[in-house]
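Topology and contacts: notes
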Amino acid sequence: MSAQLAFPVAAAVSGFALGISYIVPGGGIIFPGLFFGIALAYAVHHTVEELKPAIGAVLVLLSTCGFWVACITTLFSIRLFGGGNNLASDFIAGILAGSAGASVLAAGLAISSERFQSFRFVAVITATGAVCGAAFAVVVYLHDNAHLPHPIDFIFGYVIWQVGVASVMPLARNNDASVASLNHASRNSN
């Protein structure tokens, strides 16, 4: 399976599973970052390069931390921008939370794999996280105001964010020539 297919498929499975996991009391505290981290580690390991178990664990841990950062950013931004349950407040919170979570996740990938070690990769994933966070916010707004049933709201929201972000990852990664030049430069500096 190609990376362009493996990343979004793994993210879709993760997004659906964690949307369902919200039925489990307390599941929403750890499952979103955990499931997405596992999905990304799987996609990287099977399509980009072999990940050592410890490095895969770092990616999963940073994905979980990225989710927590996104949650905290959401709470702060809603307080900062009026705290109302309106589309504008939700939209701003989604952009900020989506970009904050994606930046931690992109840093985790940059630490985990040399194929993702570039400022460009982190910037592209952060911007994609912001766009997908805005879409997530619209789903939250629809749930709150149009009574979209639960957990359908989380299934749609997480699938949109995770598939959107994961779909860009293989496109934004370093190509083989840039990885070779990174390896060459690191050997010369030693």
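Residues numbered from 1 in each chain as written. Predicted model: local features only at pLDDT ≥ 70, side-chain atom pairs only at ≥ 80, totals over all residues. Heavy atoms only, no water.

So, on to the state of the cysteines. Formally, a disulfide is one covalent bond, and it connects the sulfur atom of one cysteine to the sulfur atom of another. For the coordinates displayed, the defined rule picks out zero disulfides. Unpaired in terms of disulfides, C65 finds its nearest cysteine sulfur in C71, a separation of 12 Å. (Disulfide = S-S within 2.5 Å.)

All right, on to the nonpolar core then. Counting residues in hydrophobic clusters, the biggest one holds 32 residues, and the most contacted among them are F7, L40, F121, W161 and M169. Counting only elements with at least two residues in this core, the list comes to α1 (3-21), α2 (27-47), α3 (53-80), α4 (87-112), α5 (119-146) and α6 (152-172). For M169, the residues in contact, after removing those within four places along its chain, are F7, L40, L105, L109, F116, F121 and I125. (Core = buried A, V, L, I, M, F, W, Y, C linked by side-chain atoms within 4.5 Å. Buried < 20%, exposed > 50% of the residue type's maximum accessible area, 1.4 Å probe, protein only. Helix = DSSP H or I, 4+ residues; strand = E, 2+ residues; numbered from the N terminus. Contact = heavy atoms within 4.5 Å.)

With that settled, consider the packing of α2 against α3. Close contact between α2 and α3 brings their axes to 7 Å; oriented N to C, the two are set at 140°. On the basis of the axis angle, α2 is oblique to α3. Viewed along their axes, α2 and α3 form a crossing whose handedness is right-handed. Note on element contacts: α3 touches α2 through G56, L59, V60, S63, T64, F67 and W68, opposite G28, I29, I30, P32, G33, L34, F36, G37, I38, L40 and A41. Class assignment for the residues of the contact of α2 with α3 results in 12 nonpolar, six polar and no charged. (Axes fitted to C-alpha atoms, helices over the stretch in contact; angles between N-to-C directions. Parallel < 35°, antiparallel > 145°, perpendicular 65-115°, else oblique. Left-handed = near helix turned anticlockwise from the far one by under 90°. Nonpolar A, V, L, I, M, F, W, Y, C, P; charged D, E, K, R; others polar.)

Another point: α1. For α1, spanning 19 residues, the distance from its first C-alpha to its last is 26 Å, which sits close to the expected 27 Å at 1.5 Å a residue. Three or more residues of α1 are buried, namely A3, A6, F7, P8, A10, A11, S14, G15, L18, G19 and S21. On its buried face, α1 is in contact with α2 and α6. (Expected span 1.5 Å × (residues − 1).)

With that out of the way, let us pick up the packing of α2 against α6. Look at α2 against α6: their axes get within 12 Å of each other, and the N-to-C directions meet at 30°. What the angle tells us is that α2 and α6 run roughly parallel. The hand of the α2/α6 crossing is right-handed. Here P32, F36 and L40 of α2 lie close against α6, whose contacting residues are Y158, W161, Q162, A166 and M169. Along the lines of polarity and charge, the residues of the contact of α2 with α6 split into seven nonpolar, one polar and no charged.

On to the packing of aromatic side chains. Geometry of an aromatic ring pair is reported as the spacing of the ring centres plus the angle between the planes. Per the stated rule, a full pass over the model turns up six aromatic pairs. Relative to F35, the ring of F31 has its centre 5.0 Å away and its plane inclined at 15°; by these criteria the two rings are stacked. Linking F31 with F35, this pair stays in helix α2, spanning four residues, or about one helical turn. Judged by centre distance (4.9 Å) and plane angle (55°), the ring pair of F116 and F121 falls under tilted. The burial state of F116 is the same as that of F121; both residues are buried. By way of ring pairs, the aromatic residues F7, F116 and F121 are connected into one cluster. (Phe/Tyr/Trp six-rings, centres within 6.5 Å; stacked < 30°, edge-to-face > 60°.)

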